[in-house]
Amino acid sequence: MTHSATRRQRRVPHAGQKRFWTRPLLWGVLLCICVAGIPYAEGLFRWLEPDARQVIYQRAPFYALLGRHMLVVGAAAVVTIAVGVGAGIAVTRRRGRDFLPLVAQLASLGQTFPPVAVLALAVPILGFGTLPIIMALMLYGLLPIVRNTLAGLQEVEGDIKTAARAMGMTPVQILQRVELPLAAPVILAGIRTSVTINIATAALGATVGASNLGDPIIAGIINGNMAYVIQGALIIALLALTLDSLFDSLQTRLRQRLSAFPR
Amino acid sequence: MSLLDALPTPRLERGSYPNVVLVSLSAVMLAAIWGLDAVSMAPNRIVQGAGAGVMEALGWPGALLASLLVLALGTLAFRPNPTNYSAALGVVVLILALMPFGLMVAGHFLIDPALPQARLGIGAGYWVVLFVLLLCLIELRLRLALTRLWPMLILAGVGLLWWLCAWLWLGDLALVQEYRARDQQLIRAVGQHVVLVGVAVSISVVLGTLLALLMRRYARLQKGAFAVLNFLQTIPSLALFGLLLAPLAWLSANVPVLAELGVSGIGNTPALIALVAYSLLPMVRNTYIALEEVSADTLEAASAMGMRASQRFWQVRLPLALPVLLEGVRITTVQAIGLTAVAALIGAGGLGTFIFQGLGQAAMDMVLLGALPILILALMVDAALSALTEVLRPGGVQ
C-alpha cells in the first residue's frame, strides 16, 4: 500500500462524515420546528377546520407528548434490544444451540400477534396506562431484531472464526471482537426496522389511556377534528423519519468502517 | 437484511443427550401451575375477579394429575428418541384435551349456583400453560420432522373439543357467558372482519403485483414508489384512518355518484383505503424481490431451451418466485387482520368494536371476546399460508 492511498482512505470517511449527519439533522430540526411552532400556527389549522371550537390540541403541550412517546418507544426498544440480541447470541453458542429453532419460531410468532390484540389482552393484567403499550411494542418489535441478529451472526464466515481461534482468542473475545463487529450492520438494520415500526404503533397506546402523540389523533377522530389528527400524525411521521435517517447514517458509517480496512 | 421476512424452518439432527428445550418448558409449566392463579371468580362482568390457585381450583387430585402429566413430559425429554418424542406429543395433546375439563371442575368447586351472574375467568396460569404447550408442539414438530399440517390438525381437533365443552358444559365461564349475551353480534363482526381483510388483501395483491411489474420495466419508478410507500408506513395507522375521514366525507357530499356507491367519510371506505395503503409496501417489496431473485442462470437456461419471453415469465420466473411472493401475501394478511381491528375506531365494524367497547365499559371479558378471535384468525392465516409456501417451494415437501 502506498502512502497516498492510505491518506486517501483516511480522508474519505472524514469527508463523508458531514454528509452523513445532515439528513437526520434536517429532519430533527424540522421536528423541533413543528413541535414548537404548531401552537402558533392557528391560522393555518383554522383554515382546515373552520367550524371547530379549538384547532390546536391543548390538553398537553406537544413537547410533553413527544417526550412521553419517545420514552415509551425507547423503553420498549431497550428491553427488546437486550432480549433480542441476547437471545440471538445465546442460541448461536454451542450451549444454547438447542433453543435456536424455538427462539426463531417464537420471534416470528410475536409478530403474528396483532398489537391491538396484545394491547387489549395486556390491559386486564397490567391495568390502563403506559405499561400495556410497552408490552405490545416489545412483542411486536422482537422479530426484526432476533431475525437480524441470527442472520448477522450466522453470516460471519467460519474461516474468520477459525482464524480468530488460531490467534488464541477465547470464545468471549471472538464474540466481542470478531462476530459482533462483523454482524453489527445487520443487527443495526433489525433495530432500525423495529424502532421505526414501533414509533407508529405506539400511537395505539392512546386507546388504553397512555398519554402520547396518539392522544391528539384519538381526540381528533372522536371529535371529528381533522386538525388534531394532522398535528399528531405530522409529529409522529417526522419523529419516525428523523430516527430512520439517523439509523441510516449509522449504518452507512458502520459499513464504511468495516470496509475501510485495506485488503 | 435477509430477503424473507421469516426464518425458514431449520433442520435438526437427533442427538442422544437430553432435550434441554422440552425440559425447561416443562419446568416453566410446573412453575406456572403452582405459582400463578389458575382461575378467577367474579360476581358479575364489571368487577375484577379474585384469583384462585391450582389447589383451590382443581383440588389435590387435579393438581396432582396436572403436575404428573407435565413431569412425564419432562422425563420423556431426558431420553430423546422418536418413540419418546411421539409419546411426548401424546402427552401434550392429552394435557390440551384435559384443560377444559379442569375448568369444569373449577366451576363446580368455586362458582355458587345461587348467583346467576357469577362467572369463572381463565387465570394467568392457564394462559401460560396453554402458550407453553403451543411451544412444545412447535418443538416436537421440528424434532419429529413433521410437516406443518400435523400441528394444524392437532390444534383443530383440540379446538373442536374446547368448543364442544364450552357449548355443553362450561356455562359458568366468563367468556362463554359474554358470548351467549351477544353471539349474533360476534358472528357478524367476524364476518365483517374477514370480508374487510379479504377485500383489502385482494386489492393490494393485484395493485402490488402490477406496481412491481411496472417497477421492473421502468427503473426510474422504483425509487420513487418505494420512497412513497416507505413514507406511508411511517404514518401511524390510527392517523391514516383519521386523515381519510374528512376528504371522503367531502367527496361523498359533493360527488353524488360516489355517495351512491357507498363512499362515506366514516365506515368501510376509509378503512379499505388505509388498509390497502398499508398493505402495499410489504406486498410490492416481496413481489419485486421475488421476481428479481430468480437466478440469471436458470433464465438463461430457459432461453437456451428456446423459450419466448412470455414463456420464460410464466413457466420459469413466476413459479420460482411464488414462495417469496406468498410470503408477502402472508405478511400483508396478518398485518391487515391487526389493522382492521383499529379500523373499528372509525366505524368500520369488525372485531375491533368488541375491543374498544369493552375497554370503554371496563368489561375485560368483552375485550377478550374481541381479541381472541383476532389472535386465532392471525395464527390460522399465518399457519395456512406458511404451509402453502412450504408446499410450493421448489422441491416441495418431502
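Treat the numbers as computed from the prediction; the structure is a model and nothing was measured.

What counts, and where the lines are drawn
Residues numbered from 1 in each chain as written. Chains lettered and ligands numbered in written order. Predicted model: local features only at pLDDT ≥ 70, side-chain atom pairs only at ≥ 80, totals over all residues. Heavy atoms only, no water. Helix = DSSP H or I, 4+ residues; strand = E, 2+ residues; numbered from the N terminus. Buried < 20%, exposed > 50% of the residue type's maximum accessible area, 1.4 Å probe, protein only. Areas by Shrake-Rupley, 256 points an atom, 1.4 Å probe, with all protein chains shown as cover. Lys, Arg positive; Asp, Glu negative; His and termini not counted. Charge placed at Lys NZ, Arg CZ, Asp CG, Glu CD. Polar contact = N/O pair within 3.5 Å; in protein donor to acceptor, adjacent residues only side chain to side chain. Contact = heavy atoms within 4.5 Å. pLDDT = per-residue confidence, 0-100. Buried area = accessible area lost by both parts, 1.4 Å probe. Salt bridge = Lys/Arg side-chain N within 4 Å of Asp/Glu carboxyl O. Phe/Tyr/Trp six-rings, centres within 6.5 Å; stacked < 30°, edge-to-face > 60°. Pairing = 2+ DSSP bridges. Domains from an automatic or database assignment. Nonpolar A, V, L, I, M, F, W, Y, C, P; charged D, E, K, R; others polar. Axes fitted to C-alpha atoms, helices over the stretch in contact; angles between N-to-C directions. Expected span 1.5 Å × (residues − 1). Bend = angle between axes of the 7 residues up to and from the residue. Parallel < 35°, antiparallel > 145°, perpendicular 65-115°, else oblique. Left-handed = near helix turned anticlockwise from the far one by under 90°.

A. Structural view of the overall build of chain A. In terms of regular secondary structure, chain A is built from 10 helices and zero strands. Walking chain A from its N terminus toward its C terminus, one meets helices and strands in the order α-α-α-α-α-α-α-α-α-α. Considered along the principal axes of its C-alpha atoms, chain A spans approximately 75 × 50 × 20 Å. Across the 263 residues in chain A, those meeting the buried criterion constitute 51%. Taken as a whole, chain A presents about 13,200 Å² of accessible surface, with 63% of it coming from carbon and sulfur. Taken together, the 24 basic and 11 acidic charged side chains of chain A have centroids lying 13 Å from each other.

B. Local environment of the side chain of Asn148(A). Assignment of secondary structure puts Asn148(A) in helix 6 (residues 130-155). There is a polar contact of 3.4 Å between the side chain of Asn148(A) and the side chain of Arg147(A).

C. Layout of the environment of Ala166(B). Residues and elements named next belong to chain B. Inspection of the secondary structure puts Ala-166 in helix 5 (residues 149-168). With 66 residues separating them in the primary sequence, Ala-166 and Pro-100 have C-alpha atoms 7.8 Å apart. Apart from the residues lying within four places of it in its own chain, the contact partners of Ala-166 are Val-176 and Arg-180.

D. Representation of the confidence of the model for chain A within the structure. All names here are of chain A. On average, residues of chain A carry a pLDDT of 83, and 92% of them reach 70 or more. Helix 1 (residues 3-37) is the least confidently modelled element of chain A, averaging 69 in pLDDT, while helix 3 (residues 62-92) averages 92, the highest of any element. Per-residue pLDDT stays below 50 along residues 1-15; that stretch engages in six contacts with residues further than four places along the chain or on separate chains.

E. Broad picture of the interface of chain B and chain A. Facing 52 residues of chain B, the contacting portion of chain A comprises 43 residues. Summing both partners gives a buried area of about 4,200 Å² for chain B against chain A, and 81% of it is carried by carbon and sulfur. Taken together, the links from chain B to chain A amount to zero salt bridges. At the boundary of chain B with chain A, the tally comes to one residue pair in polar contact (both at pLDDT 80 or more). At the level of secondary structure, the elements contributing two or more residues to the side of chain B that touches chain A comprise helix 1 (20-35), helix 4 (124-143), helix 8 (219-234), helix 9 (237-254), helix 13 (309-343), helix 14 (352-361) and helix 15 (364-392) of chain B.

F. Highlighting the environment of Ala60(A). With respect to the element layout, Ala60(A) can be found in the loop between helix 2 (42-48) and helix 3. Here the alpha-carbon distance between Ala60(A) and Pro216(A), two residues 156 residues apart in the chain, equals 9.3 Å.

G. Spotlight on the packing of aromatic side chains. Using the criterion set out here, one finds five aromatic pairs over all chains in the structure. Each ring, one from Tyr57(A) and one from Tyr228(A), has its centre 5.4 Å from the other, and the planes form 90°; the classification is edge-to-face. Of this pair, Tyr57(A) sits in the loop between helix 2 and helix 3 while Tyr228(A) is found in helix 10 (residues 226-259), placing the two residues 171 residues apart along the sequence. Taken as a pair, Tyr57(A) and Tyr228(A) share a single burial class, namely buried. Ring geometry for Phe226(B) versus Tyr288(B): centroids 5.9 Å apart, planes at 80°, classification edge-to-face. Separated by 62 residues along the polypeptide, Phe226(B) in helix 8 and Tyr288(B) in helix 11 (residues 268-293) bring together distant segments of the chain.

H. Just the pairing of strand 3 (residues 119-122) of chain B, in detail. All names here are of chain B. Taking every second residue as pointing to the same face, both faces of strand 3 are buried, with Arg-119 and Gly-121 on one and Leu-120 and Ile-122 on the other. The sheet contact formed by strand 1 (residues 39-42) and strand 3 spans four bridges and is antiparallel. Looking at strand 3, one finds that Met-41 is bridged to Leu-120.

I. Main features of unusual backbone geometry. All names here are of chain B. Of note, the phi angle at Ala-145 is positive, near 55°, even though the residue is not glycine. With respect to the element layout, Ala-145 can be found in the loop between helix 4 and helix 5. Its relative accessible area of 57% is what places Ala-145 among the exposed residues.

J. Representation of the pattern of salt bridges. Evaluated as defined, the whole model comprises eight salt bridges over all chains. For Arg192(A), the salt bridge is made with Asp244(A), and the minimal N-O distance between the two is 2.8 Å. Of the two residues, Arg192(A) is situated in helix 8 (residues 171-201) and Asp244(A) in helix 10; the sequence distance between them amounts to 52 residues. For Asp244(A), a relative accessible area of 22% puts it in the partly exposed group. Across the pair Arg143(B) and Glu139(B) runs a salt bridge, and its minimum N-O distance is 2.6 Å. Of this pair, Arg143(B) and Glu139(B) both sit in helix 4, four residues apart, which is roughly one turn of that helix. On the basis of relative accessible area, Arg143(B) is assigned to the buried category, the value being 10%. Since its relative accessible area comes to 0%, Glu139(B) is described here as buried. The network of salt bridges with common partners includes Arg93(A), Lys161(A) and Glu179(A).

K. Structural detail: the domain arrangement of chain B. Residue and element names in this part refer to chain B. Taken domain by domain, chain B consists of domain 1 (20-181) and domain 2 (183-392). A straight line from the C-alpha centre of domain 1 to that of domain 2 covers 34 Å. Counting the surface lost from both domain 1 and domain 2, the interface buries some 1,300 Å², and carbon and sulfur atoms represent 64% of this. By the criterion of area lost to domain 2, the three top residues of domain 1 are Arg-148, Leu-175 and Tyr-179, representing 41% of everything that side buries. Put simply, domain 1 and domain 2 have zero salt bridges between them. Among the elements that make up the side of domain 1 that touches domain 2, the one with the highest residue count is helix 6 (residues 174-181) (six residues). Its residues assigned to classes, the side of domain 1 that touches domain 2 comprises seven nonpolar, one polar and five charged.

L. Main features of the sheet that holds strand 3 of chain B. All names here are of chain B. If you walk across this open sheet you meet the three strands as 2-1-3, and the pairing is antiparallel. Edge strands, defined here as strands with exactly one partner in the open sheet, are strand 2 (50-52) and strand 3. Averaged over neighbouring strand pairs, the angle between their axes works out to 35° when direction is ignored. The sheet contact formed by strand 1 and strand 2 spans three bridges and is antiparallel. Bridged to Val-39 within strand 2 is Ala-52.

M. Representation of helix 6 of chain A within the structure. Here helix 6 of chain A spans 38 Å end to end across 26 residues, near enough to the 38 Å set by a 1.5 Å rise per residue. In the structure, helix 6 of chain A departs most strongly from a straight axis at Leu142(A), where the bend amounts to approximately 35° and where the proline Pro144(A) lies between one and four residues downstream.

N. Broad picture of the packing of helix 7 (residues 183-217) of chain B against helix 11 of chain B. Residue and element names in this part refer to chain B. Closest axis-to-axis distance for the helix 7/helix 11 pair is 6 Å, and the angle between their directions is 45°. Here helix 11 runs oblique to helix 7, going by the angle between their axes. Once helix 7 is placed against helix 11, the crossing between them reads as right-handed. Class assignment of the residues belonging to the contact of helix 7 with helix 11 gives a composition of 18 nonpolar, six polar and two charged.

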